[in-house]
Amino acid sequence: RMWSIHPSQITAIVDAMRAVTFEWIEVAGAKSYRVDVESGGKLVITTSTEATRYTPPPGWIATRVQGGALWRVTALDADSRPIAQSATRRFAFRV
């Protein structure tokens, strides 16, 4: 059974030079989470973490994203198989 979070109806606006923190709720049975960020129809960031948040260095995402982007989180089991996926969320940078 897949877990999901319903996407926000608005696009989050974030400061391009500040740190962006992606957060989500814990999924039972998940051993790690994969965070994917897409911009311009391309996957620009994919990373894994055991935590329920991910914060890349300030300004790092802004160098990879053109204007706006989409992000989602996939919960992975001990064998790195997907067990749940969030809905896609949107964000854009204010420069």
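What you see is a predicted model; the values in this text were computed from it and never measured.

## Points about the pairing of strand β6 (residues 68–76)
Part 1 of the argument: Counted residue by residue, β6 has seven buried out of nine residues, so it is predominantly covered.
Part 2 of the argument: Where strand β3 (residues 32–39) lies against β6, seven bridges are found, and the strand directions are antiparallel. Residue pairing for β6: S32 is matched across the bridge by L76.
Part 3 of the argument: As paired strands, β6 and strand β7 (residues 82–85) are joined by three bridges and run antiparallel to one another.

## Quick notes on the nonpolar core
Part 1 of the argument: If you look at the biggest cluster of nonpolar residues, it comprises 19 residues, and the most contacted ones within it are F22, W24, Y33, V37, I61, W71 and F91.
Part 2 of the argument: Those elements that place two or more of their residues in this core are β3, β6 and β8 (89–94).
Part 3 of the argument: With four residues, β6 is the largest single contributor of residues to this core.

## A few points about the confidence of the model for the protein
Part 1 of the argument: The share of residues in the protein with pLDDT of 70 or more is 81%, and the mean pLDDT across the chain is 81.
Part 2 of the argument: Mean pLDDT across the elements of the protein ranges from a minimum in strand β1 (residues 12–15), with 66, to a maximum in β7, with 94.
Part 3 of the argument: Note on residues 1–10: pLDDT under 50 across the span, and 25 contacts to partners over four residues away in sequence or across chains.

## A closer look at the packing of aromatic side chains
Part 1 of the argument: The full count for this structure, using the stated rule, is four aromatic pairs.
Part 2 of the argument: Between F22 and Y54, the aromatic rings sit 6.4 Å apart at their centres with planes inclined by 15 degrees, giving stacked as the arrangement. Within this pair, whereas F22 is found in strand β2 (residues 22–23), its partner Y54 is found in strand β5 (residues 53–54), the two being separated by 32 residues in sequence.
Part 3 of the argument: Classification of F22 by relative accessible area gives buried; the value is 3%.
Part 4 of the argument: Using a relative accessible area of 17% as the deciding quantity, one classes Y54 as buried.

Cut-offs used in this document
- Residues numbered from 1 in each chain as written.
- Predicted model: local features only at pLDDT ≥ 70, side-chain atom pairs only at ≥ 80, totals over all residues.
- Heavy atoms only, no water.
- Buried < 20%, exposed > 50% of the residue type's maximum accessible area, 1.4 Å probe, protein only.
- Helix = DSSP H or I, 4+ residues; strand = E, 2+ residues; numbered from the N terminus.
- Pairing = 2+ DSSP bridges.
- Core = buried A, V, L, I, M, F, W, Y, C linked by side-chain atoms within 4.5 Å.
- pLDDT = per-residue confidence, 0-100.
- Contact = heavy atoms within 4.5 Å.
- Phe/Tyr/Trp six-rings, centres within 6.5 Å; stacked < 30°, edge-to-face > 60°.

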